[in-house]
Amino acid sequence: MGDTRRWFWLGGVALLVAFIYLLHPILTPFLVALLLAYLFDPVVDRLEKLGLSRTWGVVAVFALFTLIVSALLLVLIPMLAKQLLRLYELAPQMLDWLQHSAVPWVQSKLGLADGFWKFDKVKAAISEHMGQTTDIVGVVLTQATASSLALIGWLANLVLIPVVAFYLLRDWDLMMAKIRSLLPRHREERIMTLTGECHEVLGAFVRGQLLVMVALGFIYAAGLMLVGLELGLLIGLIAGLAAIVPYMGFVIGIGAALIAGLFQFGGDLYPMIGIVAVFMVGQALEGMVLTPLLVGDRIGLHPVAVIFAILAGGELFGFTGVLLALPVAAVIMVLVRHMHDLYKDSDIYSGIEDPDL
């Protein structure tokens, strides 16, 4: 009987993986909608406690979210477009600096042969491409409209996300209750304990770390723009996104900002000090204020586990795999921790049955 159950569960997991693999091209909008429902469920629950119905609570949350996102897009998109165009124009100058300053210094230190990096060919390719067009938005639109069916599918997914998210969020508590009612009665308590721990990990990381990323992106972008860095908004937002892994946003952001500062300010020392100060302040706020306040002392995912999960998910299932990576990693982390506890309590670890081993 035990073997039958084991094979039943293994077969179920195999079917689930096959289902995701075969249908992952159409799963993205549903997973994004599920993520939104998961993120906003506590907010709707709080509105319900204040006397609002579940449906009107969802409507209020969606209206506020749409208003904030629309305002941000109206402000950020034109500014980001200008900075992307500026970065596009600066690319050949950066390659010149790498070819005539950075690379010779590295070659002299490491004893590499001349022409090892082949920067002439890279620069020629970029210059040729820039000669064809300088309109980044036009290039993006051309690629996006190359296939009318792809464009229609993209627009359909964009419309589908809020619709699915609305119904999932409205019926979230009902769905959770129905799923719980289907659990085996003798295993319900154990399963709910494991589910609660997975929820704690995901809640700490997804909700908490997401807010930390947004806050750091704003701090970095605002600080760099105050310093006067032309690409401050772009670099700040990239650093905020990279903060999904602790310290990665700081490393990527300060490195990119210092390189951009060298091209813009030349040998002026004070702006470079300002750039370093912006990232030091951001890092201090993250460690002393943002992480304790938004994430707290709940158990999060290890940075190495985050990197591996995202890369593995993207490699196996594309963007769908990226969306699934963190929930799957959280579940695996909780199961591994329980397996560790079971091993420490077992006779294999204690050696009680066979002291000679």
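Structure first, text after, so check above.
Everything numeric in this text was worked out from a predicted model, so none of it was measured.

Glancing now at the overall build of the protein. For the protein, the helix and strand inventory stands at 13 helices and 0 strands. Its helices and strands in sequence order give the protein the pattern α-α-α-α-α-α-α-α-α-α-α-α-α, from N to C terminus. Expressed as a percentage of contacts within the protein between residues at least 6 apart in sequence, the contacts between residues at least 24 apart total 71%. In the structure as shown, the protein presents an accessible area of about 23100 Å², 73% of it carried by carbon and sulfur atoms.

It is worth spelling out the packing of helix α7 (residues 188–227) against helix α8 (residues 232–242) at this point. It is the contact of α7 with α8, at a shortest axis distance of 7 Å, that shows an interaxial angle of 155°. Relative to α8, α7 is oriented roughly antiparallel. Crossing of α7 against α8: the hand is right-handed. Contacts from Met-213, Gly-217, Tyr-220, Ala-221, Leu-224 and Met-225 in α7 reach Gly-232, Leu-233, Ile-235, Gly-236, Leu-237, Ala-239, Gly-240 and Leu-241 in α8. When its residues are assigned to classes, the contact of α7 with α8 shows 10 nonpolar, 4 polar and no charged.

Once that is clear, we can look at the packing of helix α11 (residues 303–317) against helix α12 (residues 319–345). Between α11 and α12, whose axes approach to 7 Å, the crossing angle comes to 140°. Considering the angle they form, α11 stands oblique to α12. Crossing geometry of α11 relative to α12 is assigned as right-handed. On α12, the residues touching Val-306, Ala-309, Ile-310, Gly-313, Gly-314 and Phe-317 of α11 are Phe-319, Thr-320, Gly-321, Val-322, Ala-325, Leu-326 and Ala-329. Considering only residue class, the contact of α11 with α12 consists of 9 nonpolar, 4 polar and no charged.

Thresholds, definitions, all that
Residues numbered from 1 in each chain as written. Predicted model: local features only at pLDDT ≥ 70, side-chain atom pairs only at ≥ 80, totals over all residues. Heavy atoms only, no water. Helix = DSSP H or I, 4+ residues; strand = E, 2+ residues; numbered from the N terminus. Contact = heavy atoms within 4.5 Å. Areas by Shrake-Rupley, 256 points an atom, 1.4 Å probe, with all protein chains shown as cover. Axes fitted to C-alpha atoms, helices over the stretch in contact; angles between N-to-C directions. Parallel < 35°, antiparallel > 145°, perpendicular 65-115°, else oblique. Left-handed = near helix turned anticlockwise from the far one by under 90°. Nonpolar A, V, L, I, M, F, W, Y, C, P; charged D, E, K, R; others polar.

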